[in-house]
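Spelled out from the first residue to the last, the chains are:
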There are 2 protein chains.
Amino acid sequence: MAKLLTKKHGLITNSLISAMFFRRYQRMLTVGIQQNSNPQASVTSRIAVGRSLKNASEYGTVSPTQNDMTKKPKVAEISHQNAAKVLANYDTILLDCDGVLWQTDHVTPIQGIPSVISMLRDQGKEVLFVTNNSMHARHEYLQKFQSHGFDAAQEDIFCVAYASALYLQKTVGFHGSVYVIGNEGMSHELDLARINHFGTGADPDPVYNSIRDLHEIHLLDNVEAVLVGYDKHFSLNKLFKACSYLTNHTCSYIATNSIEKSVLLASNRRQPLTGAIVDAVTSASKRTPTVLGKPHPLLFSCIRAARPHVNPARTLIIGDSVPSDMGLAKAAGIDSALVLTGASTLSTLGNFPGLEPEFFLQSLTSLIH
Amino acid sequence: MAKLLTKKHGLITNSLISAMFFRRYQRMLTVGIQQNSNPQASVTSRIAVGRSLKNASEYGTVSPTQNDMTKKPKVAEISHQNAAKVLANYDTILLDCDGVLWQTDHVTPIQGIPSVISMLRDQGKEVLFVTNNSMHARHEYLQKFQSHGFDAAQEDIFCVAYASALYLQKTVGFHGSVYVIGNEGMSHELDLARINHFGTGADPDPVYNSIRDLHEIHLLDNVEAVLVGYDKHFSLNKLFKACSYLTNHTCSYIATNSIEKSVLLASNRRQPLTGAIVDAVTSASKRTPTVLGKPHPLLFSCIRAARPHVNPARTLIIGDSVPSDMGLAKAAGIDSALVLTGASTLSTLGNFPGLEPEFFLQSLTSLIH
């Protein structure tokens, strides 16, 4: 814990963050909270750099969609044959987790992943993990990586629970409490960042019997933000508290992520995800959240704050979700590759005009050459 | 209980429902479920009759918005002076409950309501109660009316819990179970209609610890519908079950109502309502509900099924919500009056083009002349 704290606080305060970028980031956070709006547009304009748009045909592969140019975009496949040529253009590889490192059910392994991670590192690539999954803290990802046969440093992980803590910590003048709809992982990251928070775990109040009971539920006075992520204890009481705190328009409304509404665990089982919880809070509170996760580029800002040397023009994001991963890529001005082991298929690309990736690959193991 | 059962079954099967209308209603219900779409358009075309659009100036009142005709519609006020003249045009008065009979906090009385109800009945008007509040069964409304100083017959109450039971009962070939997100009132109405249902009350399964636990939660096989209303026990487990059952596309998705997202109980307390719960289920299940409540006209179809003599051209709906009550009025081709004791004010009329009521009144007591 002490080591984590030292590393994290070092990460925020030391020279990794240039003074100029820090001021911009701080201002961006403030503006985001004050306006309570999606800060995507303004952030994009700040972080976007000249983008290296690559010609798909450069890599000599034939797109399976090439025969139907009127409907589908041309996307180059990364295969064992051309992987070396593609990777030569990138120094930093951002890897989504669910559907990329393991299947979307969160548990089933994808064969060969440890070899891919090793190979990329052997080639001197910087491998970072970027995920919208708000269930876990970074140390939990470390354990999960190990259980799947590879290691990482905590600093390589940019999950939205960590981003939430970072966002709240950087907010100028934030002295109050945060009401959190979230799991233990979120609580852990907030503790590390010394954010005063409450709400995680089972709601302590009984289910009410009458409207009068709702008037008597104890609400705190100094709640300055409501942070909503995935919460397996989500309940109507929590929804009541979140939207009651949000009646105060100086109370910020922050969501870890919102695009993921549910995932099919089996043919007859669908797990609700953070997006559905956020939709309920948004609906009941009549407020609009500031969203930290993909496709909103605050997560990439977080990476750049910690790693200013990351060059967007030499960065590739590999993910299984067109709206989430390709969405971030377009917003942040970086290249992207869709991996077909998860949420999106090539045939769905036509549903997301403007979000076509530069590449697709059958599996992350296609990178091995 | 026996009395209620007898009354209700009598209401469904006896000669109150003409054979022709019954067949249409049954077909409409089937189509609604099969298409899983909002049946508003087709229903409206069937139930709408020549509408008696009245000239606001006919009643000799000056609209407070008349000086700014470019922005706001002209709406006639019903006052003690012109109430008799207005009421002479109507035989049936449909009264919304929350915000009309009592305040929107559900508990605070509005003075003078019993006198209004008595006066309308003394004049031979048919007074019916039409509410989107899905918390209560009809017998609970009877108790609430009595506590506010007036009575009604159970047959005068068209609440969405009752409409849900009626809808499910009338669905051709419905033999399975209904998974219900709802309160005891809903359960009571479903019991009366002999609908096989489960889910109300606290969810019996513990909060899961891992994704594997979600795979092991017991799900029934013969669930033919998911019905979503207000549920003070709403939880992530319930959301998981609802959207798991809805993975079967032959399973119908029905919502009691959806337009009411939350209500401000006090300056710092906001109670989430059915609409927010429905939004979470819709979001996570990726399905679209068939909505029974206002502004969708199925509730008016239910009234006409039970009371075929109700003449839309001689009916006035009085409610406090422009989108809900005036929305139903426009969809069903009946006149409406906005009462200013609840959710909407005159200044919000401009936000709902096409939903302007014929009248407004400061309080229901303005009807007394």
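The rules behind each value
- Residues numbered from 1 in each chain as written.
- Chains lettered and ligands numbered in written order.
- Predicted model: local features only at pLDDT ≥ 70, side-chain atom pairs only at ≥ 80, totals over all residues.
- Heavy atoms only, no water.
- Helix = DSSP H or I, 4+ residues; strand = E, 2+ residues; numbered from the N terminus.
- Buried < 20%, exposed > 50% of the residue type's maximum accessible area, 1.4 Å probe, protein only.
- Contact = heavy atoms within 4.5 Å.
- Areas by Shrake-Rupley, 256 points an atom, 1.4 Å probe, with all protein chains shown as cover.
- Least-squares fit on C-alpha atoms with pLDDT ≥ 70 in both.
- Pairing = 2+ DSSP bridges.
- Axes fitted to C-alpha atoms, helices over the stretch in contact; angles between N-to-C directions.
- Buried area = accessible area lost by both parts, 1.4 Å probe.
- Polar contact = N/O pair within 3.5 Å; in protein donor to acceptor, adjacent residues only side chain to side chain.
- pLDDT = per-residue confidence, 0-100.
- UniProt positions renumbered as here; feature names shortened; annotations may be inferred.
- Domains from an automatic or database assignment.
- Salt bridge = Lys/Arg side-chain N within 4 Å of Asp/Glu carboxyl O.

## Quick notes on the overall build of chain A
Each helix and strand counted, chain A has 13 helices and 14 strands in total. When each of the 369 residues of chain A is scored for burial, the buried share is 60%. Taking the intrachain contacts of chain A between residues at least 6 apart in sequence as the baseline, contacts between residues at least 24 apart amount to 72%. Carbon and sulfur atoms make up 52% of the accessible area of chain A, which totals about 13,800 Å².

## Re the relation of the copies chain B and chain A
Note on the copies: chain B fits chain A at an RMSD of 0.0 Å, the axial shift is 0.0 Å, and the rotation between them is 180 degrees. Classification of the inter-copy transformation places it as that of a two-fold axis. Scanning chain B for the C-alpha nearest the rotation axis identifies serine 235 of chain B, at a separation of 2.1 Å. A share of 100% of the interface residues of chain B reappears at the interface of chain A, consistent with the copies meeting face to face through the same patch.

## Concerning the sheet that holds strand S1 (residues 76–77) of chain A
Residues and elements named next belong to chain A. The seven strands are arranged S1-S14-S13-S12-S2-S3-S4 in an open sheet whose pairing can be described as parallel. Every interior strand has two partners, whereas the edge strands, S1 and strand S4 (157–159), have only one. One ladder, built from four bridges, connects strand S2 (residues 92–95) with strand S3 (residues 126–131); its direction is parallel. If you follow leucine 95 over to S3, its bridge partner there is phenylalanine 129. In the packing of helix H7 (residues 160–170) onto the sheet, contacts are made with S3 and S4, and the angle to S4 comes to roughly 80 degrees.

## Examining the interface of chain B and chain A
If you look at the interface, chain B gives 45 residues, while chain A gives 45 residues. Taken over both partners, the interface formed by chain B and chain A buries close to 3,800 Å², and the fraction arising from carbon and sulfur atoms is 62%. Seen at the junction of chain B and chain A, the total is 22 residue pairs in polar contact (both at pLDDT 80 or more). Ranked by residue count, the leading element in the side of chain B that touches chain A is helix H11 (residues 274–285) of chain B, at eight residues.

## Quick word on the pairing of strand S10 (residues 269–272) of chain B
The side-chain alternation of S10 of chain B yields two buried faces, one formed by Arg269 and Gln271 of chain B and the other by Arg270 and Pro272 of chain B. Joining the antiparallel neighbours strand S9 (residues 262–266) of chain B and S10 of chain B is a turn of two residues.

## A closer look at the confidence of the model for chain A
Mean pLDDT for chain A: 83, with 80% of residues reaching 70 or above. Scored by ipTM, the complex comes to 0.80, with pTM at 0.81.

## Points about the UniProt feature "active site" (unreviewed entry) in chain A
All names here are of chain A. Per the UniProt entry, the sites bearing "active site" (unreviewed entry) are Asp96 and Asp98 in this numbering. Relative to the elements of secondary structure, aspartate 96 occurs in the loop between S2 and helix H5 (113–122). If we ignore the near neighbours within four places in the chain, the residues touching aspartate 96 are Leu101, Val130, Thr131, Lys294, Ile318, Gly319, Asp320 and Asp325. Looking at aspartate 96, its side chain comes within polar contact range of the side chain of lysine 294, at 3.0 Å. If near-sequence neighbours (up to four positions away) are discounted, aspartate 98 is found in contact with His106, Asn133 and Asp320.

## With respect to the UniProt feature "binding site: Mg(2+)" (unreviewed entry) in chain A
Residue and element names in this part refer to chain A. Annotation from UniProt places "binding site: Mg(2+)" (unreviewed entry) at Asp96, Asp98 and Asp320. Taking the farthest pair of C-alpha atoms as the criterion, the annotated set spanning 225 residues converges on one region, since that pair is 8.0 Å apart. Inspection of the secondary structure puts aspartate 98 in the loop between S2 and H5. By relative accessible area, aspartate 98 is classed as buried at 15%. Excluding anything up to four places from it in sequence, aspartate 320 contacts Asp96, Asp98, Gly99, Val100, Thr104, Asp325, Leu338, Val339, Gly342, Ala343 and Ser344. Engagement of the side chain of aspartate 320 in a polar contact is seen with the backbone nitrogen of alanine 343, the distance being 2.7 Å.

## Concerning the domain arrangement of chain A
Residue and element names in this part refer to chain A. The assigned domain composition of chain A is domain 1 (76–132 + 295–367) and domain 2 (162–291). Once you take the C-alpha centre of each, domain 1 and domain 2 turn out to be 29 Å apart. Of the residues lining the interface, 11 residues belong to domain 1; the matching set on domain 2 comes to 13 residues. Summing the contributions of domain 1 and of domain 2, the shared interface buries around 890 Å²; its carbon and sulfur component is 69%. For the pair domain 1 and domain 2, the interface holds zero salt bridges.

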